[in-house]
Amino acid sequence: MRKTALVLCLLPITLLQAEPVAPGNSEDAVLRQIQLVNQIPEDQLNEKTDPGFSILRTLYDQDGPDFLTLRKLLGQANVRSTLNPSAKCLLAGVISQRWDTFTLSGNLYLAGLQSKNTELRDKARKKLVAFIQPAHIPALIDLLRVPGPNVMAYDLLQEVSGQRIDPNAKSWQKWWAKNSKTADLIGHLIGNTRTQLGSGTVHAFDQDRFWYVPQGITNTMTPFAERPAAEQTRISDWNAWVHNDVKRYVDEWAVNKPIIDRLIHQPDPRVNQFLESLVPDPGMGDYASVVLGWRSSAGSVDAIRSASQTTPTVGRFLARGSLGDKTALNDLLQIIEKHQSDPLTYKLMDDDARSMLTTLRTVGVISAEQAFQLLAHTNFEFESARTAKEKKKAYKKAKAWLKDNESRLTLDHRRGFYTVTPTAK
C-alpha cells in the first residue's frame, strides 16, 4: 500500500504526493502535537482555524505525508484512550489520507460520532460509511441508546445494511444476531452505489481546450485590456465555454463523487472490479483510474490501458504511470508535444474558472504537463512558461530528460513516481 504523488485534495484521496520531509523529530514531538489537539476545547476544535490548524500544520511538517509516527502512536490503545472524540475525529482526517490506515481510521471516526463538536460529529458521520467494518455494527447499535449520536447511528446502520428496521437497539441486535455471519455490507454498498450512479451522468469535456490557450494567443502575460479586440473575444469566448461545459462537469461531480467515495477506502477486491467498470466511462473514467492507482491495483493496468486507447485522457495515463507502466510517460509527452507552443491557460482564467481547478484535481483532471512532472518527480517549468517560446523550451527539457533516463527509471511503488537509477561506474 502506498501514497502516490498527485495531491487530489488534502483528502480523501491523494494520488502521487511529494516526497516526505526527512524525519528529524522524535516520537515525543509528534505525541506532543496529539496532546495539544486533545487539550483544545471540543467546541473550538477546527482543522481550518487556529489553534487546530497550526497544530495540524506542525504535524504535516514533522511527519507528513506518510504520517508513520502519528499512525504508530494512534495505533496504541494507551494513546487513543486519552483522547476525546473530537480529537480522534480530527486526527482521523489526517491519517485517513493514507490507503493503508483503513481499520484505524474507521475506529477513530466511529469514536467521532460522540463528539461534542457539531461539525466534527457530522464529519464522522459522513466519513465513517467509507471505513465501515462489521465490527462497527454492534457499537452503532449500542449508540442507538445515546441521545444525539443515536440519530447518526441509525442513519449509518440503514445506509450500510440496506435494512429498514425500527430505530431501537433491541430490534437491531436481533437482526445482527441472526445475520452477522452472512451480512455483506460492502456488497450492499457496491450495489447501492451502482444504482445511484445509474441515475446520473458526468458529461466529459474537451480537456485540451481547457488546459491550452486558444488559437491565436501566444503570450499569457499581456493584460486583457491591452490585447487586440480579436484576442479579447477569443479569451472571453473561452471563459464562457468553461463556465458552461467545465462547470457542468464540476457540478455533476459534486453530486457523484460522494457516492463513489463511500467505497474507495474499502480493501475488498470487488471495489477494484467496480472501479474498473467505470474506467471506460467518458466522464467518470479519469477518477476511477486514479483511484485504482492510489489503491495500488496493479491488476487494473490492462483495463485502464484499454480505456485510454479509446479515450486517451491524462488521468488514465497518469494512473497507468503510477502503477508502473512507463509507456504512459511517452503518451503524456505526445500530448505535450502537440501543444509545445501553447502555454497553459492559468493566466487567462477568470476567478470563477480558476475556482474550478481544485475540484478538477480531486477527480484526476490535470494537465499533461503536471502529470508528466509528477511521474518524473522533476519540475520542467511548464507552469511558469508564459509565452510560446518558453513553453517550447520547457517541452525540450522534458523530452531530453525522458530520452536520457527512460531506460533507468524505477517506480517508487509507495509514492507512485519514478526515480532515476544511477549508472554503475
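Just so you know, the residues in each chain are numbered from 1, in the order the chain's sequence is written. Predicted model: local features are reported for residues with pLDDT of at least 70 only, side-chain atom pairs are reported and counted for 80 or more only, and whole-chain, interface and lining totals are derived from all residues. The basis for every side-chain value is the complete set of heavy atoms in the structure, and neither hydrogens nor water enter the calculation.

Student: Before we go on, may I ask you to explain the nonpolar core in this structure?
Tutor: Nonpolar side chains in soluble globular proteins generally cluster together in the buried interior. To form a nonpolar core, buried Ala, Val, Leu, Ile, Met, Phe, Trp, Tyr and Cys residues must be joined to one another through side-chain atoms within 4.5 Å. Classification of residues uses two cut-offs on accessible area relative to the type maximum, computed with a 1.4 Å probe and protein chains only: under 20% is buried, over 50% is exposed, and between them is partly exposed. Counting residues in hydrophobic clusters, the biggest one holds 128 residues, and the most contacted among them are L140, F210 and F372. Here this core gets 10 residues from one element, more than from any other, and that element is helix α13 (residues 229–261). In this description, contact between two residues means that some pair of their heavy atoms is separated by no more than 4.5 Å. Apart from the residues lying within four places of it in its own chain, the contact partners of F372 are L329, L332, L333, I336, F380, A398, W401 and L402. Numbering of helices and strands runs from the N terminus, with a helix taken as a DSSP run of H or I at least four residues long and a strand as a DSSP run of E at least two residues long.

Student: Explanation requested: the pattern of salt bridges in the structure shown.
Tutor: As a working rule, side chains carrying opposite charge can pair if their charged atoms are close by. Salt bridge, as used here, is a side-chain nitrogen of Lys or Arg placed within 4 Å of a carboxyl oxygen of Asp or Glu. Applying the stated criterion across every chain yields a total of 24 salt bridges. Among the ionic pairs, R316 bridges to D286, the shortest N-O distance being 3.7 Å. One end of the pair, R316, is in helix α17 (residues 314–322); the other, D286, is in helix α15 (residues 285–294), and 30 residues separate them in sequence. Of the charged contacts in the structure, one is a salt bridge between R320 and D325, with a shortest N-O distance of 2.9 Å. On the accessibility criterion, D325 (8% relative accessible area) is buried. Here the residues in one salt-bridge network are D66, R71, D100, D412, R414 and R415, joined through shared partners.

Student: Sorry if this is basic, but what is going on with the packing of aromatic side chains here?
Tutor: Each aromatic ring pair is summarised here by two numbers: the centre-to-centre distance and the angle between the ring planes. The aromatic pairing rule takes the rings of Phe, Tyr and Trp, using the six-membered ring of Trp, and pairs them if the centres are within 6.5 Å, calling planes under 30 degrees apart stacked, those over 60 edge-to-face and the rest tilted. Tallied over the entire structure, the rule returns 18 aromatic pairs. Aromatic side chains F372 and F380 sit 5.6 Å apart centroid to centroid with 50° between the ring planes, which places their arrangement in the tilted category. Under the relative-accessibility criterion, F372 is labelled buried at 0%. Through pairs of rings, three or more aromatic residues link up here, namely F205, F210, W211, W238, W241, Y249, W253, Y287 and Y346. The aromatic ring of Y60 is capped on one face by R57, whose charged end is 5.2 Å from the ring centroid. Distance and angle both matter: a charge sits over a ring if NZ of Lys or CZ of Arg is within 6 Å of the ring centre and within 35 degrees of the ring normal.

Student: Could you clarify how one ought to interpret the packing of helix α9 (residues 149–161) against helix α11 (residues 185–198) in this entry?
Tutor: Axes here mean lines fitted to C-alpha atoms, for a helix over just the part in contact, with angles spanning 0 to 180 degrees between N-to-C directions. Running from N to C, α9 and α11 cross one another at 80°; their axes reach a closest spacing of 7 Å. On the basis of the axis angle, α9 is roughly perpendicular to α11. Contacts between α9 and α11 pair Q158, E159, V160 and S161 from the former with L185, H188 and L189 from the latter. Ten residue types, Ala, Val, Leu, Ile, Met, Phe, Trp, Tyr, Cys and Pro, are classed as nonpolar, four, Asp, Glu, Lys and Arg, as charged, and the remainder, Gly among them, as polar. By residue class, the composition of the contact of α9 with α11 is 3 nonpolar, 3 polar and 1 charged. An angle below 35 degrees is read as roughly parallel, one above 145 as roughly antiparallel, one from 65 to 115 as roughly perpendicular, and any other as oblique.

Student: Would you take a moment to explain the packing of helix α16 (residues 301–310) against α17 for this structure?
Tutor: Axes are the key here: two packed helices are described by the angle between their axes and the distance separating the axes. Between α16 and α17, the least distance of the axes is 9 Å, while the angle of their chain directions is 150°. Overall, the two elements α16 and α17 adopt an arrangement that is roughly antiparallel. Considering the relative orientation of α16 and α17, their crossing is left-handed. Along the contact surface, α16 presents I304, R305, A307 and S308, while α17 presents R316, F317, A319 and R320. Here is the rule for handedness: rotate from the far helix to the near one, and if that takes an anticlockwise turn smaller than a right angle the crossing is left-handed, while a clockwise turn gives right-handed.

Student: What exactly am I supposed to notice about the confidence of the model for the protein here?
Tutor: Any region with low pLDDT has predicted coordinates that should not be read closely. Here the protein averages 92 in pLDDT, while 94% of its residues score no lower than 70. Confidence scores here are pLDDT values: one per residue, from the predictor, ranging 0 to 100. This stretch, residues 1–24, has a pLDDT under 50; its non-local contacts, to residues over four places away or in other chains, come to 107 contacts.

Student: Looking at this model, I keep getting lost on the pairing of strand β1 (residues 409–412). Mind explaining?
Tutor: The two faces of the sheet receive side chains in turn, since in a regular strand these alternate between them. Across 4 bridges, the pairing between β1 and strand β2 (residues 417–420) is antiparallel. Bridging across to β2, L411 finds its partner in Y418. Taking the residues that link successive antiparallel strands as the turn, the β1-β2 hairpin has 4 residues, and the phi of G416 there is positive, at about 75°. A pair of strands counts as paired when DSSP detects no fewer than two bridges linking them.

Student: Even after reading the chapter, I still don't get unusual backbone geometry, so can you show me in this structure?
Tutor: Where the residue is not glycine, phi is negative for most of them; where a peptide bond is considered, it is trans in most cases. In this chain, D50 is followed by P51 through a cis amide linkage whose omega measures 10°. Position of P51 among the secondary structure elements: in the loop between α1 (27–39) and α2 (52–63). In this chain, G64 is followed by P65 through a cis amide linkage whose omega measures 0°. Tracing the chain through its elements places P65 in the loop between α2 and α3 (68–74). With a phi close to 60°, S296 is a non-glycine residue in the positive phi region. Relative to the helices and strands, S296 is located in the loop between α15 and α16.

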